[in-house]
Amino acid sequence: VKEPVELDNHVKHLSLETGISYDVLMQQIGVAPAAVKSTPARPESFRRQAAQAAKTDRAAQTLLAVLATGRLPRDIVSPDEFEDPVFRTLCEALLNGENAASLMERQIDDQGRSAVGEILAIDTNVDDDSLMKMAQQSRLRLKRMRLEKEMNALLERLPSLPFEQQQQETLRLVELDEQLN
């Protein structure tokens, strides 16, 4: 078909018959450029992100609460495990020997005081084995969330990368998936 209008009519008719979208058909025959897939964020994805952030915060708070008891070996936890700068700073202070009460006094803003208050509210009146279990579970949750976040970021930018980089990033995805499982 040589006429653009005639081609357009044929593609529309084919789209109706097959159920394949008009844009996809135009891309397949080489008339339209490949569309960059960008979907606007839906409200439910914001809810999912908020829920994910709450899980991350809870795992980080639990780990800091266990560390604040002073009954956890110091080399078990590293400030690098925390993405949130407030939690990272609190971890550094606890690892440097500060106690929970002095952390509360040291906070200069509401966010810091709120974070310390939530950490201190976590029940850590359990035996040492249970504390160790709490710490290990929190560390695993934090690691899992970091890996999932990195994998999602890779998956989002993968289609826009050149072929060679797509191959490298796909290998990285496989590595991350192996660490996740």
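Computed from a prediction, not measured in an experiment: that's the story for all the values here.

Draft legend 1. Focus on the confidence of the model for the protein. Overall, the predicted model of the protein reaches an average pLDDT of 83, with 86% of residues at or above 70. Looking across the protein, the model is least confident in helix H3 (residues 43–68), with a mean pLDDT of 73, and most confident in helix H7 (residues 128–157), with 92.

Draft legend 2. Local environment of the side chain of glutamine 61. Assignment of secondary structure puts glutamine 61 in helix H3. Assessed through its relative accessible area of 5%, glutamine 61 is described here as buried. Filtering out sequence-adjacent residues up to four positions away, glutamine 61 remains in contact with Phe87, Glu118, Ile119 and Ile122.

Draft legend 3. Main features of the environment of leucine 158. Summarising the element assignment, leucine 158 is placed in the loop between H7 and helix H8 (163–180). Residues leucine 158 and glutamine 168 lie ten residues apart in sequence; the distance between their C-alpha atoms is 9.9 Å. Look past the residues within four positions of leucine 158 in its chain and what remains in contact with it is Gln166, Glu169, Thr170 and Leu173.

What counts, and where the lines are drawn
Residues numbered from 1 in each chain as written. Predicted model: local features only at pLDDT ≥ 70, side-chain atom pairs only at ≥ 80, totals over all residues. Heavy atoms only, no water. pLDDT = per-residue confidence, 0-100. Helix = DSSP H or I, 4+ residues; strand = E, 2+ residues; numbered from the N terminus. Buried < 20%, exposed > 50% of the residue type's maximum accessible area, 1.4 Å probe, protein only. Contact = heavy atoms within 4.5 Å.

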